[in-house]
Amino acid sequence: MEKYYFTYEDIHRTARDIAERVVSSGFEPDVIVAIGSGGFIPARILRTFLGKPILAVGIAYYDADDKPSELPRKVQWVEEAEKKLAGKRILLVDEVDDSRTTLEYCVRELLRHRPAEIAVAVLHDKRKEKRGAIPPEVKRYIAGRTIEDRWVCYPWDALDIDGHVAAAAASSDAGGGEGR
Ligand code: G4P
Ligand code: MG
């Protein structure tokens, strides 16, 4: 099955679109919470447009003995800073909404800190049946692009970035880019 290849430029444009939609929706975040590691680079680009500080959280699908687990667990969380989330408007950022499990877990964890509001932003939302659900407390969900349920190759995963850029150009020439 064909994969999507997005370049850093694609990602930057998508992040700019998200930022514009965040602003035009009237949502002014106090803080960006990035879900690692895929959310780190998108969050950093969003910061360029929104100018807000970034907190990072990390989730793992393996247990303390390195065995795979069905449920996510926190491997890194905002700790001290999370106490400061009360009453704040949070923009939660990840790269891809796939099964939605991680997003649901993170929203639920963040809600425990009584923020004023949580908005969710992802670069790419895959059109598919989701295992998780975004809790109803979340009134704003922004997906930069809605894409088919195919594997996405992100530039930060590329060992050969030139080959990655060439693959992205080839797939957009073939009309398969869908990311611009
Ligand atoms: P979701 O709630 O955001 O839908 O995430 P889900 O738990 O379904 O995703 C599990 C992992 O699979 C996540 O990585 C997610 O980024 C990754 N993933 C899902 N689909 C794709 C894809 O098409 N391309 C790539 N490159 N990754 C995908 P993770 O465990 O959080 O690891 P990390 O890579 O973010 O560090
Ligand atoms: Mg991820």
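About the thresholds
- Residues numbered from 1 in each chain as written.
- Chains lettered and ligands numbered in written order.
- Predicted model: local features only at pLDDT ≥ 70, side-chain atom pairs only at ≥ 80, totals over all residues.
- Heavy atoms only, no water.
- Helix = DSSP H or I, 4+ residues; strand = E, 2+ residues; numbered from the N terminus.
- Buried < 20%, exposed > 50% of the residue type's maximum accessible area, 1.4 Å probe, protein only.
- Phe/Tyr/Trp six-rings, centres within 6.5 Å; stacked < 30°, edge-to-face > 60°.
- Lys NZ or Arg CZ within 6 Å of the ring centre and 35° of its normal.
- Core = buried A, V, L, I, M, F, W, Y, C linked by side-chain atoms within 4.5 Å.
- Contact = heavy atoms within 4.5 Å.
- Right-handed = clockwise from strand over helix to strand, strands pointing away.
- Pairing = 2+ DSSP bridges.
- Expected span 1.5 Å × (residues − 1).
- Arc of directions from axis to C-beta.
- Polar contact = N/O pair within 3.5 Å; in protein donor to acceptor, adjacent residues only side chain to side chain.
- Salt bridge = Lys/Arg side-chain N within 4 Å of Asp/Glu carboxyl O.

Draft legend 1. Focus on the environment of Cys106. If you trace the backbone, Cys106 turns up in helix α3 (residues 101-111). By relative accessible area, Cys106 is classed as buried at 0%. Sequence-wise, Cys106 and Lys74 are 32 residues apart; in three dimensions their C-alpha atoms are separated by 9.1 Å.

Draft legend 2. Representation of the packing of aromatic side chains in the model. Under the definition given, this model contains two aromatic pairs. The interplanar angle of 10 degrees and the centroid separation of 5.8 Å between the aromatic rings of Tyr4 and Phe6 together place this pair among those described as stacked. Overall, Tyr4 belongs to the buried group, its relative accessible area being 0%. Seen from their ring centres, Tyr154 and Trp156 are 4.9 Å apart, and the 5 degrees between their planes marks the pair as stacked. Residue class for Tyr154 comes out buried when judged on its relative accessible area of 4%. The ring of Tyr4 carries Arg150 above its face, with NZ or CZ at 4.4 Å from the centroid.

Draft legend 3. Expanded view of the nonpolar core. Ranked by size, the top nonpolar core spans 24 residues in total, and within it Ile18, Val22, Leu46, Leu91 and Val93 carry the most contacts. Broken down by secondary-structure element, the contributors of at least two residues to this core are α1 (8-24), β2 (31-36), α2 (40-50), β5 (89-97), β6 (117-126) and β7 (140-147). Those residues in contact with Leu46 that sit more than four places away from it in its chain are Ala15, Ile18, Ala19, Ile32, Gly51, Leu91 and Val93. Core analysis: the second largest hydrophobic core is formed by 21 residues, Val33, Leu55, Ile59 and Leu103 among them.

Draft legend 4. Up close: the pairing of β6. In terms of burial, β6 is largely enclosed, as ten of its ten residues are buried. Each parallel crossover has a hand, and the one from β5 via α3 to β6 is right-handed. Sheet topology places β6 next to β7; seven bridges connect them, and they run parallel. Counterpart to Ala119 in the pairing with β7 is Arg140.

Draft legend 5. How the structure looks around helix α4 (residues 161-173). Taking 1.5 Å of rise per residue, the 13 residues of α4 would be expected to cover 18 Å, and the 18 Å separating its terminal C-alpha atoms lies within 8% of that figure. Here α4 has its buried residues at His164, Ala168 and Ser171. For α4, the buried positions fall inside an angular range of 70 degrees around the axis, keeping them on one side. In α4, the exposed residues that point more than 90 degrees away from the buried face are Asp162 and Asp173. Looking at the buried positions of α4, the neighbouring elements they touch are β1 (4-5) and β8 (152-153). For α4, the side-chain oxygen to backbone nitrogen distance between the N-cap and Asp162 is 3.2 Å, and the N-cap itself is Asp160.

Draft legend 6. Summary view of the pattern of salt bridges. Enumeration over the complete set of coordinates arrives at 16 salt bridges. With a shortest N-O distance of 3.5 Å, Lys126 and Asp98 are connected by a salt bridge. One end of the pair, Lys126, is in strand β6; the other, Asp98, is in the loop between β5 and α3, and 28 residues separate them in sequence. The class for Asp98 is partly exposed, based on a relative accessible area of 27%. The shortest N-O distance in the salt bridge between Glu148 and Arg127 comes to 2.3 Å. With Glu148 in the loop between β7 and β8 and Arg127 in the loop between β6 and β7, the pair connects residues that are 21 residues apart, well separated along the chain. In this structure Glu148 comes out as partly exposed when scored by relative accessible area, which is 30%. Of the residues examined, Arg127 reaches a relative accessible area of 48% and is grouped as partly exposed. Through salt bridges with shared partners, a single network forms among Asp97, Arg100, Asp125 and Lys130.

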